[in-house]
Amino acid sequence: MLLAAGSAPVFFYNLIFMKPTIAIIEPDTLAALGLAYLIQRMMPGAEISTFSRSAELMADDEADAFFHYFVSADELLHAASYFLSRQHKTIVLLRGEDMQHLPQGFHVLNVWQKEAQLVRSIIHLAHTSHNRGGAEPEVVRQARHCGEERCAPQLTPRERDVLTGIVAGLTNKEIAQRMGVSPATVITHRKNLTEKLGTRSVSALTIFAVAHGIVRSEQIG
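As the structure is a computational prediction, the values presented were derived from the model and not from experiment.

Undergrad: Whenever I open this one, the pairing of strand 2 (residues 47–51) confuses me. Can you help?
TA: Here is the key point about a regular strand: its side chains alternate between the two faces of the sheet. Sheet topology note: the strand 1 (residues 21–25)/strand 2 ladder contains 5 bridges and is parallel. Looking at the pairing, Ile-25 lines up with Phe-51 of strand 2. Read as a crossover between parallel neighbours, the route from strand 1 over helix 2 (residues 29–42) to strand 2 is right-handed.

Undergrad: Looking at this structure, how should I read the pattern of salt bridges?
TA: Opposite charge on two side chains permits pairing when their charged atoms draw close. The tally for this structure, following the rule as stated, stands at 5 salt bridges. Taking the shortest distance from any N to any O, the salt bridge between Glu-26 and Arg-95 comes out at 3.0 Å. In this pair, Glu-26 sits in the loop between strand 1 and helix 2 while Arg-95 sits in the loop between strand 4 (90–94) and strand 5 (107–110), placing the two residues 69 residues apart along the sequence. We classify Glu-26 as buried; its relative accessible area is 6%. Ionic pairing is found between Glu-195 and Lys-191, a salt bridge with its closest N-O pair at 2.7 Å. Here Lys-191 and Glu-195 lie together in helix 10 (residues 183–197), a separation of 4 residues that amounts to about one turn.

Undergrad: Whenever I open this one, the packing of aromatic side chains confuses me. Can you help?
TA: The description of two aromatic rings rests on the distance between their centres and on the angle between their planes. Here the structure, examined in full by the defined rule, presents 5 aromatic pairs. Seen from their ring centres, Phe-66 and Tyr-69 are 5.9 Å apart, and the 65 degrees between their planes marks the pair as edge-to-face. Like Phe-66, the residue Tyr-69 is buried in the burial classification. Taken together, a centroid distance of 6.3 Å and an interplanar angle of 80 degrees make the contact between Tyr-69 and Tyr-82 edge-to-face. Taken together, the residues span a long stretch of sequence, with Tyr-69 in strand 3 (residues 68–72) and Tyr-82 in helix 5 (residues 80–84) at a distance of 13 residues. Of the two residues, Tyr-69 and Tyr-82, neither departs from the other in class, the shared state being buried. Every member of this aromatic cluster is reached through a ring pair, and the members are Phe-51, Phe-66, Tyr-69, Tyr-82 and Phe-83. Directly above the aromatic system of Tyr-82 lies the positively charged group of Arg-86, at a separation of 3.7 Å from the ring centroid.

Undergrad: It is not clear to me how the nonpolar core should be interpreted in this structure. Could you clarify?
TA: In globular proteins that are soluble, nonpolar side chains generally tend to be buried together. One finds Leu-35, Phe-70, Leu-109 and Leu-163 to be the most contacted residues of the largest nonpolar core, which totals 37 residues. Counting residues per element, the ones that place at least two in this core are strand 1, helix 2, strand 4, helix 6 (115–128), helix 8 (157–167), helix 9 (172–179), helix 10 and helix 11 (202–211). Here this core gets 6 residues from one element, more than from any other, and that element is helix 2. Residue contacts for Phe-70: discarding those within four places in its chain leaves Ile-22, Ala-23, Ile-24, Ile-25, Leu-35, Ile-39, Ile-91, Leu-93 and Leu-109.

Undergrad: Quick question: what am I supposed to make of the sheet that holds strand 1 here?
TA: Either a parallel or an antiparallel arrangement is found when strands of a sheet pair, and the pairing is made through backbone hydrogen bonds. With respect to topology, 5 strands assemble into an open sheet ordered 2-1-3-4-5, the strand pairing being parallel. The strands lining the two open edges of the sheet, one partner per strand, are strand 2 and strand 5. Put simply, the sheet's adjacent strands are angled 20 degrees from each other on average, direction ignored. Bridge count for strand 3 against strand 4 is 4 bridges, and the pairing is parallel. Counterpart to Ser-72 in the pairing with strand 4 is Leu-93. Along the sheet, helix 2 contacts strand 1, strand 2, strand 3, strand 4 and strand 5; its crossing angle with strand 1, the most-contacted strand, is approximately 155 degrees.

Rules used in this analysis
Sequence order as written defines residue numbering, which begins from 1 separately in each chain. Only residues with pLDDT of at least 70 are given local features in this predicted model, and only at 80 or more are side-chain atom pairs given and counted; all residues enter the totals for whole chains, interfaces and linings. The side-chain numbers reported here are obtained from all heavy atoms of the structure, hydrogens and water having been left aside. Two strands form a pair only when DSSP identifies at least two bridges running between them. Strands here mean DSSP runs of E at least two residues long; helices mean DSSP runs of H or I at least four residues long; both are numbered from the N terminus. Seen with its strands pointing away from the viewer, a crossover is right-handed if its path from the first strand over the helix to the second goes clockwise. The term salt bridge refers to a side-chain nitrogen of Lys or Arg lying within 4 Å of a carboxyl oxygen of Asp or Glu. For the exposure calls, accessible area comes from a 1.4 Å probe over protein chains only, and a residue counts as buried if that area is under 20% of its type's maximum, exposed if over 50%, partly exposed in between. Stacked, tilted and edge-to-face pairs are distinguished by plane angle, under 30 degrees for stacked and over 60 for edge-to-face with tilted covering the rest, among Phe, Tyr and Trp rings (Trp via its six-membered ring) whose centres lie within 6.5 Å. Geometrically, a charge over a ring is one whose NZ (Lys) or CZ (Arg) sits within 6 Å of the ring centre while staying within 35 degrees of the ring normal. The criterion is simple. A nonpolar core is a set of buried Ala, Val, Leu, Ile, Met, Phe, Trp, Tyr and Cys residues joined through side-chain atoms within 4.5 Å. Here, two residues are considered to be in contact whenever any of their heavy atoms come within 4.5 Å of each other. To obtain each axis, a line is fitted to C-alpha atoms, and for helices this fit is confined to the stretch in contact; angles are then taken between N-to-C directions over 0 to 180 degrees.

If you want it as structure tokens, here you go:
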């Protein structure tokens, strides 16, 4: 699941001045495009390639250059030896099925989740995979912040507090208690916040909060 001692730095330094490239190996085209969309929103600086079969990936001359592989469970089993040798950077896409038939030690992502929880799971993987200590790889951090300063909405301290509460999964009442204000005040800040960001989607707000350093993955409810 984790890199052997000494193997991480080589890959890390090879990528630090490059855009991270991500491969999605998923026969379901709609599922692949949906996952690519979510990842692109989280890491605007990433380059994402989709493959319907593992054989297509292995035929790619640049197959070994991918920073992460998101692969369906079936395709993992079709090319088990290939992904076992790249286990530290492979994430298996599950659809709620039992993991017993899979090789042990892979990171997994259950795609049969609500959007907000799926986003949180992907963010958690970005912080915990590919390294020992759970620190986010620099190349991923750079990709998330790519273009961040361009027209980034400026939030007031109160709006940031409300956003932190939303991402933590708190209700308006709970956020009000935490901030020491009335629920009506929270509702006003929340309205201003969502108007500035152009969305009420909790998943989109979560992505914004993490991408702009307002919250860390462990603060996500």
